[in-house]
Amino acid sequence: LYLAPGSTHALDGSQITVGAGASVTIRSSGEGATIDAQHSSRFFQVNGGGQLLLIDLHLVNGHVASEDAGAESGSGGALRVQNPGSRITLERSSIANTAAIGSGGAIWIWDGVVRQYNSTLRNITTRRYGELEIEEPQAVLELHDDLLDDCTAEKGAPRFVAQSRSAGHSTHAR
């Protein structure tokens, strides 16, 4: 799916789920396109071996406020990836102004993989722990030339909460 540079696309209050082995690419070019969750949902959940590639996009105003099914349901204000084989890759993209009532104000990973290249996380808020949380032995987070800026957590330190393995490269935090 190609989104025109400078365009803004609002979600309708529901996240987009990529699962069951699906592979989805959403891209723009130049200044990038914006996807606005309007403070009413996260942007994407990837599970069941799904693959999501985001290129030259700006994800803004993601918000997860419910913990109805437990703490994990309120985690991942922008992106949530779970189950072995599930993967999200961000290239030259940004996540800004997102919040989660649980952990991982921007990204929550459970047995999946998230890779970021030349991307920015800015103004991320979470009630518990970091803007990026990875859990379970098979979860992987890779950051390559990324910027983390103005991120806060009410409980615990902002940044990474790693309960598994993670690889970080050239990550800059302010």
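Note that the structure is predicted; figures quoted are calculated from it, not measured.

Peer 1: Got a minute to help me understand the overall build of the protein chain in this structure?
Peer 2: Each helix and strand counted, the protein chain has 0 helices and 18 strands in total. Out of the 174 residues in the protein chain, the part that is buried amounts to 53%. Taking as baseline every contact in the protein chain between residues at least 6 positions apart, the subset at least 24 positions apart corresponds to 81%. Carbon and sulfur atoms provide 48% of the accessible area of the protein chain, an area that totals close to 7,300 Å².

Peer 1: Before we go on, may I ask you to explain the side chain of Arg 42 in this structure?
Peer 2: When you line up the elements, Arg 42 lands in the loop between strand 4 (33-36) and strand 5 (44-46). Polar contacts involving the side chain of Arg 42 include one to the side chain of Gln 15, which spans 2.6 Å. Among the polar contacts listed, one links the side chain of Arg 42 to the backbone oxygen of Ser 75, at a separation of 2.7 Å.

Peer 1: Just to check I follow, could you spell out the pairing of strand 10 (residues 87-91) for this structure?
Peer 2: Alignment of strand 6 (residues 51-55) against strand 10, held across 5 bridges, turns out to be parallel. Residue Ile 55 lies in a different strand from strand 10, and its bridge partner there is Glu 91. Note that strand 10 and strand 13 (residues 113-117) share 5 bridges and pair parallel. What sits directly across from Glu 91, in strand 13, is Tyr 117.

Peer 1: I keep staring at the nonpolar core and nothing clicks. Help me out?
Peer 2: Side chains of nonpolar character tend, in soluble globular proteins, to be buried together. Membership of the largest hydrophobic core comes to 29 residues, with the highest contact counts inside it found for Phe 44, Leu 79 and Ile 95. Apart from the residues within four sequence positions on either side, Ile 95 is in contact with Leu 59, Ala 78, Leu 79, Leu 90, Ala 106, Ile 107, Thr 120, Leu 121, Arg 122 and Ile 124.

What counts, and where the lines are drawn
Residues numbered from 1 in each chain as written. Predicted model: local features only at pLDDT ≥ 70, side-chain atom pairs only at ≥ 80, totals over all residues. Heavy atoms only, no water. Helix = DSSP H or I, 4+ residues; strand = E, 2+ residues; numbered from the N terminus. Buried < 20%, exposed > 50% of the residue type's maximum accessible area, 1.4 Å probe, protein only. Contact = heavy atoms within 4.5 Å. Areas by Shrake-Rupley, 256 points an atom, 1.4 Å probe, with all protein chains shown as cover. Polar contact = N/O pair within 3.5 Å; in protein donor to acceptor, adjacent residues only side chain to side chain. Pairing = 2+ DSSP bridges. Core = buried A, V, L, I, M, F, W, Y, C linked by side-chain atoms within 4.5 Å.

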